[in-house]
Amino acid sequence: MKMESEVLLAPNLTGNSRDASPWRDDFPALHQSVHGKPLVYLDNAATTHKPDVVIEAEAAFYRRDNANVHRGVHLLSQRATDAYEAAREKVRHFINAASTREIVFVRGTTEAINLVAQSHARPRLTDADNIVISAMEHHSNIVPWQMVCAQTGAELRVVPVNDAGELDMEMCARLIGPNTRLVAITHLSNALGTITPAARIIELAHAQGVPVLLDGAQAISHLGVDVRALDCDFYAFSGHKIYGPTGIGVLYGKEALLEAMPPYQVGGDMIRSVTFGETEYNELPYKFEAGTPNIAGAIALGAALDYVGGIGIAAIAAHEHDLLAYATGLAQNIEGLRIVGTAQHKAAVLSFTLDGVHPHDIGTILDHQGVAIRAGHHCAMPIMQRFGIAGTARASFALYNTRAEVDALMAGVIKAREMFQR
Ligand code: 7TS
């Protein structure tokens, strides 16, 4: 009799042509063993690996151009400034913003959202107002709003999700009212993989004159993001989730909104003139970039966006869609496995529980098979509470993953179940 794992994995042993990623060799860190097994990296929602072009771009800056930006008359400073500003243009182009004045370099999604909460929302909020978020937000898109609500007495309203992990759009329409000052919603859920109906949410909010922030931490590397087509007011993402470095990210904001906002942090590089009597702030986007920025990080993020743009998000999305569909099909055949997040529109994330096996045990057993996943609440505790669970095991896909890696994941899951059923 065949073992269940053999039956499950049989389709792939034929050497399916889709079982490959033409981009895999671009990523040096993927070619290693962990615990004596080839690394299968399926924790891409936490952070992606970096291609050589990104690593080289960062190293080249330090080897050749290293200098501070926007201040030196010397050649290296001019080269550093040119490269930093060229990276800003690459970001603008990648998300189709109207102007580089709308592209603020920050540390990442978390900082971008805090900036909007404190600089845009806080001065506008009273105890009669509210902010609308959803039940499937990452803590980074919950806690900044909780804090600004505590500071102002405003109410935090939460759009519920259904059992599939889809937003309740009827409730969404009802919760956005005349006293709503901002809607802040994820574009793609890190915990469930749900793609939210961002365009529809923006339409609903704009009908009431309410601006919308999209948390694009996950969406940026999986969906094509066109901020002008979406007509979102703010868009936040992190470089490290789109094959770029950690410590660099982007806040996009419509120029008129950014113009009306006070600086978030103050100090060097964001001023035009200072006397002890008063300070005149610099123009956009520098008003929001206090202190020496992550110059090398921005340049390397630019290289990452060039890399992704060169492949094309459509090709990446098709590859990842194939992996997710393949993984979902296999997962549905594993006894005791429950997929958490079964929205009609999903990308790149397979979250699941396994009867009788704690997610951390799944993660540990998989790690010993060389398979890296994340286990736990994924910094989205409220959505775990919504599903009545403490956490899930989560596999998340990137452009370099293969069907063979999905097979390794499923073989590990079956092994975990067999170990715990004994
Ligand atoms: N928003 C979403 C939807 C995220 O997935 C994350 C990080 C953040 C915000 C915060 O991004 P940061 O770069 O500022 O930290 N998500 C995850 C994750 O799913 N596993 O580790 C980090």
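What counts and how
- Residues numbered from 1 in each chain as written.
- Predicted model: local features only at pLDDT ≥ 70, side-chain atom pairs only at ≥ 80, totals over all residues.
- Heavy atoms only, no water.
- Helix = DSSP H or I, 4+ residues; strand = E, 2+ residues; numbered from the N terminus.
- Rg over C-alpha atoms; globule rule 2.2 N^0.38 Å.
- Buried < 20%, exposed > 50% of the residue type's maximum accessible area, 1.4 Å probe, protein only.
- Contact = heavy atoms within 4.5 Å.
- Pairing = 2+ DSSP bridges.
- Axes fitted to C-alpha atoms, helices over the stretch in contact; angles between N-to-C directions.
- Near = heavy atom within 4 Å.
- Polar contact = N/O pair within 3.5 Å; in protein donor to acceptor, adjacent residues only side chain to side chain.
- Areas by Shrake-Rupley, 256 points an atom, 1.4 Å probe, with all protein chains shown as cover.
- 1 Å grid on protein atoms, 1.4 Å probe; cavity = no way out; pocket = protein on both sides within 12 Å on 5 of 7 lines; lining within 4 Å.
- Sits in = over half its atoms within 2 Å of the grid points.
- Domains from an automatic or database assignment.
- Core = buried A, V, L, I, M, F, W, Y, C linked by side-chain atoms within 4.5 Å.
- Buried area = accessible area lost by both parts, 1.4 Å probe.
- Salt bridge = Lys/Arg side-chain N within 4 Å of Asp/Glu carboxyl O.

Regarding the overall build of the protein
Alright, step 1. Helix and strand content of the protein: 14 helices and 17 strands.
Alright, step 2. Since a compact globule built from 422 residues should have a radius of gyration of about 22 Å, the 22 Å found for the protein is in line with a globular shape.
Alright, step 3. By the burial criterion, 56% of the 422 residues in the protein qualify as buried.
Alright, step 4. For the protein, contacts bridging at least 24 residues in sequence account for 71% of all contacts bridging at least 6.

A look at the sheet that holds strand β5 (residues 130-134)
The strands making up a sheet associate through hydrogen bonds between their backbones, and the pairing can be parallel or antiparallel.
Alright, step 1. Taken in spatial order, the seven strands of this open sheet run β4-β10-β9-β8-β7-β5-β6, and their pairing is mixed. Both edges of this open sheet fall to β4 (103-106) and β6 (155-159), since each of them pairs with a single strand only. When strand polarity is set aside, the average angle formed by the axes of neighbouring strands in this sheet is 20°.
Alright, step 2. Pairing of strand β9 (residues 234-238) with strand β10 (residues 249-253) involves five bridges; the strand directions are antiparallel. Among the inter-strand pairings, Phe234 is bridged to a residue of β10, identified as Gly253.

Topic: the site of the ligand
Alright, step 1. Taken together, 16 residues surround the ligand, and among them Thr110, Asp215, Ser238, Arg374 and Arg394 come closest.
Alright, step 2. The separation between an oxygen atom of the ligand and a polar side-chain atom of Ser238 is 2.7 Å.
Alright, step 3. Note that an oxygen atom of the ligand is positioned 2.6 Å from one of the side-chain N or O atoms of Arg394.
Alright, step 4. Calculation on the ligand without its partners gives an accessible area of 490 Å², and the protein chains cover 87% of this total.
Alright, step 5. Given that more than half its atoms are within 2 Å of the pocket grid, the ligand belongs to the largest pocket.
Alright, step 6. When residues of the shell around the ligand are assigned to domains, at least three map to each of domain 1 (4-50 + 312-421) and domain 2 (53-310).

Considering the environment of Val106
Alright, step 1. Mapped onto the fold, Val106 is located in strand β4.
Alright, step 2. Distance in space between the C-alpha atoms of Val106 and Phe237 is 9.3 Å, their sequence separation being 131 residues.
Alright, step 3. Sequence-distant contacts of Val106, that is, excluding residues within four places in its chain, are made with Glu111, Ala112, Leu115, Gly247, Ile248, Gly249, Val250 and Leu251.

Some details on the nonpolar core
Burial of nonpolar side chains together is a common tendency in soluble globular proteins.
Alright, step 1. The biggest cluster of nonpolar side chains holds 80 residues, and the ones touching the most others in it are Ile95, Phe105, Val183, Tyr235, Tyr243, Ile383 and Leu399.
Alright, step 2. Once you skip the residues sitting within four places of it in the chain, Leu399 turns out to touch Ser21, Trp23, Phe27, Tyr243, Tyr307, Ile311, Ile316, His319 and Glu320.

Re the environment of Thr279
Alright, step 1. With respect to the helices and strands, Thr279 occurs in strand β12 (residues 279-281).
Alright, step 2. Leaving out residues up to four positions away in the same chain, Thr279 has contacts with Ile271, Ser273 and Val274.

Details of the domain arrangement of the protein
Alright, step 1. In terms of domain boundaries, the protein breaks down into domain 1 (4-50 + 312-421) and domain 2 (53-310).
Alright, step 2. Here the C-alpha centroids of domain 1 and domain 2 sit 29 Å apart.
Alright, step 3. Contacts between the two partners involve 41 residues from domain 1 and, on the opposite side, 39 residues from domain 2.
Alright, step 4. Both sides of the domain 1 and domain 2 interface together cover about 3,000 Å² of buried area, and 57% of this is carbon and sulfur.
Alright, step 5. Taken as a group, Lys50, Ile313 and Ile383 account for 20% of the area that domain 1 buries against domain 2, more than any other trio of residues on that side.
Alright, step 6. Connecting domain 1 to domain 2 are one salt bridge.

Here's the deal with the pairing of β9
Alright, step 1. Among the five residues of β9, five are classified as buried, and the element is accordingly described as predominantly covered.
Alright, step 2. Side chains Phe234, Ala236 and Ser238 of β9 all project onto a buried face; the interleaved residues Tyr235 and Phe237 project onto the opposite face, where all are buried too.
Alright, step 3. Pairing geometry for strand β8 (residues 212-215) and β9, over three bridges, is parallel. Of the residues in β9, the one forming a bridge with Leu213 is Phe234.

Notes on the environment of Glu102
Alright, step 1. With respect to the helices and strands, Glu102 occurs in the loop between α3 (75-95) and β4.
Alright, step 2. Overall, Glu102 belongs to the buried group, its relative accessible area being 6%.
Alright, step 3. Sequence separation between Glu102 and Tyr252 is 150 residues; the distance between their C-alpha atoms is 5.5 Å.
Alright, step 4. With near-sequence residues (within four places) excluded, Glu102 lies in contact with Ala97, Leu251, Tyr252, Gly253, Lys254, Glu255 and Leu258.

Things to note about the sheet that holds strand β14 (residues 349-354)
Alright, step 1. Pairing is antiparallel in the open sheet, where four strands are placed in the order β13-β14-β17-β16. Whereas interior strands pair on both sides, the edge strands pair on one side only; in this sheet they are β13 (337-339) and β16 (374-376). Averaged over all neighbouring strand pairs, the angle between strand axes comes to 30°, with direction disregarded.
Alright, step 2. Sheet topology places β13 next to β14; three bridges connect them, and they run antiparallel. When the sheet's bridge partners are listed, Ile339 is paired in β14 with Phe352.

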